[in-house]
Amino acid sequence: MSKLKNKVAVVTGASKGIGASIAEHFAKEGAKVVVNYSSSKEGADRVVNAITAGGGTAIAVQADVSKPSDVIRLFEETNKAFGQLDILVNNAGIYQFAAIELVTEELYRKQFDINVLGSVLAIQEALKLFGDKGGSIINISSGVSKSPMANSSIYSATKAALDAITIALSKELGAKKVRINSILPGATETEGTHSQGITGSDLEKQLIASTPLGRIGHPDDIAKFAVLLASDDAAWVTGEQISVSGGIYGF
Ligand code: NAP
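Residues numbered from 1 in each chain as written. Predicted model: local features only at pLDDT ≥ 70, side-chain atom pairs only at ≥ 80, totals over all residues. Heavy atoms only, no water.

S.K.: In this structure, what is going on with the site of the ligand? I would like to understand it.
M.R.: Near the ligand there are 32 residues, and of these Ser39, Ser40, Tyr95, Tyr155 and Thr190 occur at the shortest range. In this structure, an oxygen atom belonging to the ligand sits 2.7 Å away from a side-chain N or O atom of Ser15. Here an oxygen atom of the ligand and a backbone polar atom of Gly192 are 2.9 Å apart. In the complex, 92% of the free accessible area of the ligand, which totals 900 Å², lies under the protein chains. When each cavity is represented as a set of grid points, the ligand is found to reside in the largest pocket. (Near = heavy atom within 4 Å. Polar contact = N/O pair within 3.5 Å; in protein donor to acceptor, adjacent residues only side chain to side chain. Areas by Shrake-Rupley, 256 points an atom, 1.4 Å probe, with all protein chains shown as cover. 1 Å grid on protein atoms, 1.4 Å probe; cavity = no way out; pocket = protein on both sides within 12 Å on 5 of 7 lines; lining within 4 Å. Sits in = over half its atoms within 2 Å of the grid points.)

Structure follows, in structure tokens:
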């Protein structure tokens, strides 16, 4: 299969979890992939090695997406390695759940800086490389953007902001042949859900019980849909926020 043949993609936060799976699925479909990471060099190298072992092409590039100079360097390295860009996936994100009494300025700023500012900075640099041919941007949002849970006020707000950016930019960038869509995953088992104590928790049990398809999501569930959205099969799709959640978030 080669739905993404001759395409170059940047996937932010691709050293683990959903981002790693998207990078691997994109490469299987023929894309050359830039595997971005913040601190997990080992994880990013593992993803790159898995891709190259399967006959694909990928490089790992460290960059903290909340830092403008890092983001500029990420896209400079992309251009140096591959000379073009067709797809950006804004996947890098953090989730820190807390009751409102425990929300600190730091918790607020960190989530907004990575989840929202990081995506904006990456979009600005990606547009320069898309050039006249245009491109596809996928923002990894969350079902909580439209159906926020208790203790997720700030995280949910970052994803609602990301969805608003998706809609506004679909109108702003359509004439430049740029498509932009949000994927809204439901609960998906990743390294992040393990380290945050979500996997195995009562919250996870409640989420599974509320999911019509009756299980937790896997990164592959999200990645396969990202392939479709990035490919020309979705050439007429922009400005959408699409739930990929086993039905728990049906809007
Ligand atoms: P994860 O397992 O914690 O992985 C997060 C990834 O983001 C890692 O590769 C991490 O890199 C990277 N990252 C974090 N901060 C970064 C920064 N400042 N700059 C660049 N990269 C950074 O997360 P996940 O569960 O796969 O979630 C991925 C995305 O899906 C997030 O946007 C999340 O909000 C969204 N989402 C997840 C779920 C879920 O249930 N898992 C549900 C809905 C939405 P390092 O390891 O190098 O730090």
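S.K.: Looking at this structure, how should I read the packing of aromatic side chains?
M.R.: Two aromatic rings, taken as a pair, are described by how far apart their centres are and by the angle between their planes. With the rule as written, the count across this model stands at four aromatic pairs. Seen in terms of ring centroids, Tyr95 and Tyr155 are 5.8 Å apart; in terms of plane orientation they differ by 65 degrees. Their pairing is edge-to-face. Of this pair, Tyr95 sits in the loop between strand S4 (87-90) and helix H4 (105-130) while Tyr155 sits in helix H5 (residues 153-173), and the two are 60 residues apart along the sequence. Judged by relative accessible area, Tyr155 falls into the buried class, the value being 9%. Judged by centre distance (5.6 Å) and plane angle (85 degrees), the ring pair of Phe97 and Tyr155 falls under edge-to-face. Of the two residues, Phe97 sits in the loop between S4 and H4 while Tyr155 sits in helix H5, which places them 58 residues apart along the sequence. Through pairs of rings, three or more aromatic residues link up here, namely Tyr95, Phe97 and Tyr155. (Phe/Tyr/Trp six-rings, centres within 6.5 Å; stacked < 30°, edge-to-face > 60°. Helix = DSSP H or I, 4+ residues; strand = E, 2+ residues; numbered from the N terminus. Buried < 20%, exposed > 50% of the residue type's maximum accessible area, 1.4 Å probe, protein only.)

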